[in-house]
Amino acid sequence: MNLFVSEGNPHCLKALAALEATGVQCGVQFVNQDERVVPFLSRPTLPALALPSGQYLFSSNAICRYLFEVNGQECSELCDQWLEWEATVLQPALQQALHMAVLQGKSSEVSKALQGPINVLEQSLSKRNAPYLTGDSVSAADLVLWAGFFPVLSDSSLTLGEHKSLKAWFDRVAAMTACQSAAQKVLQGKGLQGMKSYMQKQPAPQSSQCRETQPCNSNSAEEEGGERVVSEEEMEAAALTWSKGLNTCPPATKKQHPILPQEGKRNVLVTSALPYVNNVPHLGNIIGCVLSADVFSRYGHLRGWNMLFVCGTDEYGTATENKAREEGLTPQQICDKYHAVHSSIYKWFQIDFDYFGRTTTEKQTEIAQDIFWRLHERGFLIEDTVEQLRCENCQRFLADRFVEGICPHCSYPEARGDQCDKCGRLINAVDLREPQCKVCRQTPVIRSSKHLFLDLPKLESQLEQWLEKSTSTGDWTANAKQITRSWLRDGLKPRCITRDLQWGTPVPHADFKEKVFYVWFDAPIGYLSITANYTSKWEKWWKNPHQVELYNFMAKDNVPFHSVVFPCSLLGAQDNYTLVNHLIATEYLNYEDTKFSKSRGVGVFGDMAKDTGIPSDVWRFYLLYVRPEGQDSAFSWADMALKNNSELLNNLGNFINRAGMFVTKFFEGCVPVMELQEEDKKLLALVSWELQQYIQLMDKIKIRDALKHILNISRHGNQYIQVNEPWKKIKGGDSERQRAGTVTGVSVNIACLLSVMLSPYMPAVSQTIRDQLNAPPSCINTMLEDNGTFVCSLSAGHRIGAVSPLFQKLEADQIETLKKKFGGQQTTVRNAASAQSAAVPAPAVAVEVGTVNQVDPEKAKQLTQAVAEQGEKVRALKAQKAEKAVITAEVTKLLDLKKQLALAEGKNPEPAPQKGKKK
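Residues numbered from 1 in each chain as written. Predicted model: local features only at pLDDT ≥ 70, side-chain atom pairs only at ≥ 80, totals over all residues. Heavy atoms only, no water.

1. Topic: the sheet that holds strand β5 (residues 267–272)
At step 1: Taken in spatial order, the 5 strands make up an open sheet running β7-β6-β5-β17-β18, and their pairing is parallel. Each end of this open sheet is capped by a strand with a single partner; those strands are β7 (355–358) and β18 (582–586). Strand-to-strand twist in this sheet, taken as the mean axis angle between neighbours without regard to direction, amounts to 20°.
At step 2: Summarising the sheet, β5 and strand β17 (residues 548–555) pair through 6 bridges and their orientation is parallel. What sits directly across from Thr 271, in β17, is Asn 552. (Pairing = 2+ DSSP bridges. Helix = DSSP H or I, 4+ residues; strand = E, 2+ residues; numbered from the N terminus. Axes fitted to C-alpha atoms, helices over the stretch in contact; angles between N-to-C directions.)

2. Overview of the sheet that holds strand β12 (residues 433–437)
At step 1: An order of β11-β10-β12 is seen for the 3 strands of this open sheet, with the pairing classed as antiparallel. Here the strands that pair on one side only, and so sit at the sheet edges, are β11 (415–416) and β12.
At step 2: Pairing geometry for strand β10 (residues 403–406) and β11, over 2 bridges, is antiparallel. Looking at the pairing, Gly 405 lines up with Ala 415 of β11.

3. Digging into the packing of helix α5 (residues 140–154) against helix α7 (residues 177–187)
At step 1: Between α5 and α7, the least distance of the axes is 12 Å, while the angle of their chain directions is 45°. As summarised for this structure, α5 and α7 are arranged oblique, according to the angle between their axes. Where α5 crosses over α7, the handedness of that crossing is right-handed. Facing α5, whose interface residues are Leu 143, Trp 146, Phe 150 and Pro 151, α7 presents Cys 179, Ala 183 and Leu 187.
At step 2: A per-class count over the contact of α5 with α7 returns 7 nonpolar, no polar and no charged. (Parallel < 35°, antiparallel > 145°, perpendicular 65-115°, else oblique. Left-handed = near helix turned anticlockwise from the far one by under 90°. Contact = heavy atoms within 4.5 Å. Nonpolar A, V, L, I, M, F, W, Y, C, P; charged D, E, K, R; others polar.)

4. Digging into the environment of Phe 512
At step 1: Mapped onto the fold, Phe 512 is located in the loop between β15 (498–499) and β16 (516–517).
At step 2: Distance in space between the C-alpha atoms of Phe 512 and Leu 452 is 8.4 Å, their sequence separation being 60 residues.
At step 3: Contact partners of Phe 512, with chain neighbours within four places excluded, come to Glu 383, Lys 450, His 451, Leu 452 and Val 507.

5. Let's talk about the state of the cysteines
At step 1: Counted by the stated rule, this structure contains 0 disulfides.
At step 2: Of all cysteine sulfurs, the one in Cys 410 lies closest to Cys 407, which takes part in no disulfide; the gap is 3.8 Å.
At step 3: In this structure Cys 407 comes out as buried when scored by relative accessible area, which is 0%.
At step 4: Lacking any disulfide linkage, Cys 779 is separated from the closest cysteine sulfur, that of Cys 752, by 3.9 Å.
At step 5: Of the residues examined, Cys 779 reaches a relative accessible area of 0% and is grouped as buried. (Disulfide = S-S within 2.5 Å. Buried < 20%, exposed > 50% of the residue type's maximum accessible area, 1.4 Å probe, protein only.)

6. Details of the side chain of Glu 587
At step 1: Relative to the helices and strands, Glu 587 is located in the loop between β18 and β19 (589–591).
At step 2: Of note is the side chain of Glu 587, whose polar atom sits 2.8 Å from the side chain of Asn 479.
At step 3: Not counting residues up to four positions away in its chain, the partners in contact with Glu 587 are Asn 479, Lys 556, Pro 628, Glu 629, Gly 630, Gln 631 and Asp 632. (Polar contact = N/O pair within 3.5 Å; in protein donor to acceptor, adjacent residues only side chain to side chain.)

7. Structural notes on the packing of aromatic side chains
At step 1: In the structure shown here, the tally under the stated rule is 33 aromatic pairs.
At step 2: Measuring from centroid to centroid gives 6.2 Å for Tyr 299 and Tyr 694, while their planes differ by 80°, and the two rings are edge-to-face. Here Tyr 299 is found in helix α10 (residues 283–302), whereas its partner Tyr 694 is found in helix α23 (residues 678–699), with 395 residues between them in sequence.
At step 3: With relative accessibility at 0%, the residue Tyr 694 sits in the buried group.
At step 4: Aromatic side chains Tyr 591 and Phe 596 sit 5.5 Å apart centroid to centroid with 55° between the ring planes, which places their arrangement in the tilted category.
At step 5: Taken together, the ring pairs connect Tyr 591, Phe 596, Phe 605, Trp 619, Tyr 622, Phe 635, Trp 637 and Phe 822 into an aromatic cluster.
At step 6: A cation over a ring is seen here: Arg 499 above Tyr 518, with NZ or CZ 4.1 Å from the ring centre. (Phe/Tyr/Trp six-rings, centres within 6.5 Å; stacked < 30°, edge-to-face > 60°. Lys NZ or Arg CZ within 6 Å of the ring centre and 35° of its normal.)

The values are spatial; any link to function lies outside them.
This is how it looks when you write it as structure tokens:
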């Protein structure tokens, strides 16, 4: 890598400080500020970072962010918000301040220009009570903001005396050796005068009131990219591309099954985490796995990549056995029933699997047992006797997810027997405090059983070598890297791969013939067996790492099994398996201010969405708009209505409908002749830039962020129409009529582009737009070629079809009705009754004072409801990131209520102590 900087440029100060702070190996070259370093830019742009791949980064903030990531310091969501704020709010104010101080000699007015941003920073830093902007360590945001303020604070009348938090932060960052060194190299000790040459070549700043706002996750795309300055070169390049049209473009290709890897093509294998067959998926499950994978798969197909998208239901395990018992069916009948339910839900959501299979197949047994024997023969399996929880009342060993208790690590009261949802730590069920069988609520006992383990420590060095390569060359989400690192940091331990169950893939070893494979050894192999049921040539995908790229989509709780356990199984098998190149994990999607709960009737589940009357494309749009990419997000009925009515109806739908209606009404359904003026070329350049950003983000699986650029384009289009008023100009003379024609023709072509960009997100709406415009099929492939190609796809004379509105308004009363319907109120009475009837009477147990607990059904009923409500309160506080002391107090109340409930049900509220950490 090589970093190009120039003296006197404050943006170069950012990049140089970041380079020295991170210690990344990179050459530094000082050049004249007029030198054109980036070959494809028409004007000099510094700093610029030349990457080993031959590409360039030429945004100072992006360079800083990149250097920190190369150094292993991922940018948090808050860091990105500060970087955006610096670029959109602080920089305009700084430009104005520097212009006054350096060129006009008005140093005394600097404080006035920067008062708003300074107040924002002071308020934020004083509230956070942390040494740096994002926490306890320096981030890219700290260096970027420090570098922005440094020139004016080092050499002007501006002081921070009354802004104590900001001054302490600024001095803390300024004391860093990296910052002092960078400042000396860039400003040469000359202060503001060292910037004079640079400032003289900058355009005079707009004297507009800057936004005094906190950095935040904007709910609208209005502020993103709207004020971008477009050069003449960009306008001419966009106009030239536009003029090429569709003549030489290849037609869109249709899938031909079976899809197999092809020489000379990018072969992409996409998997979505296999959903448990016995659970009806809720909106969080859908966005976390199948919908995100579907969007990327559709996008890859549009890009011309050779895509295969497989998924299926995970059907083995105790959860299925228990569901079968509840419904009076066999496990296989339950699997058949709910596999059909899943298939129906995903079909309604337009999830375009190439194959949707299941794990209860002969191929699953064949492949899983082959991997098992290969691991056994190579010495990667070990035997051990383990203690397990057994429910004497149910007469069975309890699978991990059928035990619940207090987490031994963080004291979360509802931890499962395999993992805690709060702290994310893996748990051995016997280490839970106050464990309960989730079927009958009795306290289980500990029994011994012999099992087989995957020897992860023996595979650790191989795993680390592979991970280093995969995470550095592939697109792994920050949470996936972090979770994986935490596993390795704690040291790998042998992982049990067998279970004392009946419903599962049988272990072929004679000494373990009564056991089946543990679901997390078995389930990921389902990706292979499902592909094997799709095509007999499945090994061309799964034993072809040099020709195939593998993308895994999942929620963050599934990461360790895809990044550690499953790769170790395949590495140990030593059979040239394809391992994951790109691991994409979402955070959690909550429902309003709580969690989804089928039993309590809280939240929208997949089989309910179609009954709301809201089209599946609108569901897809909103789920993708709030996709939890960097942090947890929440589904909100009010917000869904707002986004539908503002972004879809008033922005996107309004623009596309107006463009089509102008063609129909003013030009008899034929696209008019277009004579481009400078204003039109500027719009083409803006749209082309948004398209390029969309492609860059989608390539990196930033699905939510890419969607905002689609909405930006329609916003540009609406503004273009409003300014030019074709409905007025059509009534004027020849020149005005010609202008109306150009505006209409350009607009309807932008609508065609939008239909292509929308295709991965809203496939039905996308097709409807193209049908209304009678768009040529080749426009689908053309627009997404290379880095984005916005061409005139509907040339003059093209006849469009019938135009009609794309979206309907969601009314307030309709939304309120739906919110109440899915808010859980309708199940309160039923849940209280079922909670009591589900309790199995337990024998009286002597407590410490020597009395015998008497069962009090009425009190138990009241306490069951109180426990549920208190549990929701605790979850809500955690979701809101309340203070730790407040959460601890409410957890204490919850534990106390559980003890009272145990007494009312005639149980001992203080079971025999289990091994585990003290609070």
